[in-house]
Amino acid sequence: MEAIECLLTRRSVREFLDKEVNQEDLDIILKCASFAPSAMNNQSWHFSVVTNKEWLNKMSQIIAKFMNRETYHVTYHAPVLIIVSDKRDNLIYEHDGSCALENIFLSAHALGLGSVWINQLGEPGLYSNPEFLNLLKEAGVPDGYKVVGSAAIGYLKNIPEAKKRVQGNVTYLK
Ligand SMILES: Cc1cc2nc3c(=O)[nH]c(=O)nc-3n(C[C@H](O)[C@H](O)[C@H](O)COP(=O)(O)O)c2cc1C
């Protein structure tokens, strides 16, 4: 897929087919994530790829309880969650991780997969919950790292319409 077309046709997807994503596609997505820019070439991010259903269900239950939302599922039932974390002492860790996440969304789309940013694993209120911290540990999030954001990834049921884009927010000085 051509790069500009890929950028303009990516959507946040929240309905997925019950179909696994193959390892070759995941490898490409993770490679694209690692080629994102990072401040001073930090590359201090970590990518945890979770496909374990038991883990995903446990995480969903913890967040559902925290958010008081009965029917919450952390990936909208997509089979893959990629958690992007970075060193807490990297002052601009969120910038680096966000660049990596965008590469994840765009490469997933180029491969015919749907994806969406999942923000809840970065909720400060969850970081005092030992069960939550244990799940992050199981997923390989290193000590001293904080979740920047996560990407749910899977085959999409349908292509969501493009959200209307805000106009009038560009200025030129020539
Ligand atoms: C920082 C950030 C956090 C987001 N968190 C969530 C989230 O937790 N759950 C979700 O369904 N979508 C989340 N989104 C997706 C946005 O809702 C989505 O990008 C926006 O509605 C525009 O739609 P589009 O991505 O299809 O253009 C998040 C996006 C960003 C950039």
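Residues numbered from 1 in each chain as written. Predicted model: local features only at pLDDT ≥ 70, side-chain atom pairs only at ≥ 80, totals over all residues. Heavy atoms only, no water.

Visitor: What exactly am I supposed to notice about the site of the ligand here?
Guide: For the ligand, the full set of nearby residues is Arg 10, Arg 11, Ser 12, Arg 14, Tyr 76, Val 116, Trp 117, Ile 118, Asn 119, Gln 120, Lys 163 and Arg 165. At 2.6 Å from an oxygen atom of the ligand is found a side-chain nitrogen or oxygen belonging to Ser 12. Here an oxygen atom of the ligand sits 3.0 Å away from a polar atom, N or O, in the main chain of Asn 119. Relative to its unbound accessible area of 620 Å², the ligand is 65% covered by the protein chains. (Near = heavy atom within 4 Å. Polar contact = N/O pair within 3.5 Å; in protein donor to acceptor, adjacent residues only side chain to side chain. Areas by Shrake-Rupley, 256 points an atom, 1.4 Å probe, with all protein chains shown as cover.)

Visitor: I would appreciate a short explanation of the pattern of salt bridges in the present structure.
Guide: Pairing between side chains of opposite charge can happen when the charged atoms of each approach one another. Using the criterion set out here, one finds two salt bridges in the structure. Among the salt bridges present, the one from Asp 18 reaches Lys 53, with a minimum N-O distance of 4.0 Å. Highlighted residues: Asp 18 in the loop between α1 (3–9) and α2 (23–34) and Lys 53 in helix α3 (residues 53–67), separated in sequence by 35 residues. A relative accessible area of 75% places Asp 18 in the exposed class. Relative accessible area serves as the criterion here: at 56%, Lys 53 is assigned to the exposed category. Between Lys 58 and Glu 54 there is a salt bridge whose closest N-O contact spans 4.0 Å. With Lys 58 and Glu 54 both in helix α3 and four residues apart, this pair spans about one turn of that helix. Since its relative accessible area comes to 37%, Lys 58 is described here as partly exposed. (Salt bridge = Lys/Arg side-chain N within 4 Å of Asp/Glu carboxyl O. Helix = DSSP H or I, 4+ residues; strand = E, 2+ residues; numbered from the N terminus. Buried < 20%, exposed > 50% of the residue type's maximum accessible area, 1.4 Å probe, protein only.)

Visitor: Whenever I open this one, α3 confuses me. Can you help?
Guide: Each α-helix winds once per 3.6 residues, and so residues spaced three or four apart point in a common direction. Given a rise of 1.5 Å per residue, 15 residues ought to cover 21 Å, and the 21 Å separating the end C-alpha atoms of α3 matches this to within 8%. Within α3 the residues assigned to the buried category are Trp 55, Leu 56, Met 59, Ser 60, Ile 62, Ile 63 and Ala 64. Looking one or two residues past α3, Asn 68 carries a phi angle of roughly 60°, positive in sign. (Expected span 1.5 Å × (residues − 1).)

Visitor: How do you make sense of the environment of Tyr 76 when you look at a structure like this?
Guide: Take Tyr 76: it is sitting in the loop between α3 and β2 (80–87). Here Tyr 76 is in contact with Arg 14, Phe 16, Val 116 and Ile 118, once residues within four sequence places are set aside. (Contact = heavy atoms within 4.5 Å.)

Visitor: I'm lost on the nonpolar core in this one. Help?
Guide: Nonpolar side chains in soluble globular proteins tend to be buried together. Judged by nonpolar contacts, the single largest core of 27 residues is most densely connected at Trp 55, Met 59, Val 74, Leu 81, Ile 83 and Leu 121. Those elements giving two or more residues to this core turn out to be α3, β2, β3 (114–118), α5 (130–138) and β4 (145–154). Here the element with the most residues in this core is α3; it accounts for six residues. Setting aside residues no more than four positions away along its own chain, Met 59 makes contact with Val 74, Leu 121, Phe 132, Leu 135 and Leu 136. (Core = buried A, V, L, I, M, F, W, Y, C linked by side-chain atoms within 4.5 Å.)

Visitor: Got a minute to help me understand the sheet that holds β3 in this structure?
Guide: As a general point, the strands of a sheet are linked pairwise by backbone hydrogen bonds and lie either parallel or antiparallel. On the basis of which strands lie adjacent, the open sheet formed by four strands has the order β1-β2-β4-β3 and antiparallel pairing. Looking at the sheet topology across the chains shown, the edges are occupied by β1 (46–50) and β3. Put simply, the sheet's adjacent strands are angled 25° from each other on average, direction ignored. Here β1 runs beside β2; their pairing, made up of five bridges, is antiparallel. Along β2, the bridge assignment pairs Ser 48 with Ile 83. (Pairing = 2+ DSSP bridges. Axes fitted to C-alpha atoms, helices over the stretch in contact; angles between N-to-C directions.)

Visitor: Looking at this model, I keep getting lost on the packing of aromatic side chains. Mind explaining?
Guide: The geometry of an aromatic ring pair is captured by two quantities: the separation of the ring centres and the angle between the planes. Summed over all chains, the structure comprises three aromatic pairs. Ring geometry for Tyr 127 and Phe 132: centres 5.2 Å apart, planes at 70°, overall edge-to-face. With relative accessibility at 15%, the residue Tyr 127 sits in the buried group. Phe 132 sits in the buried class, given a relative accessible area of 0%. Taking NZ or CZ as reference, Lys 19 lies 4.1 Å from the ring centre of Tyr 155, over its face. The residue whose ring lies beneath Lys 146 is Tyr 127, and the NZ or CZ to ring-centre distance is 5.1 Å. (Phe/Tyr/Trp six-rings, centres within 6.5 Å; stacked < 30°, edge-to-face > 60°. Lys NZ or Arg CZ within 6 Å of the ring centre and 35° of its normal.)

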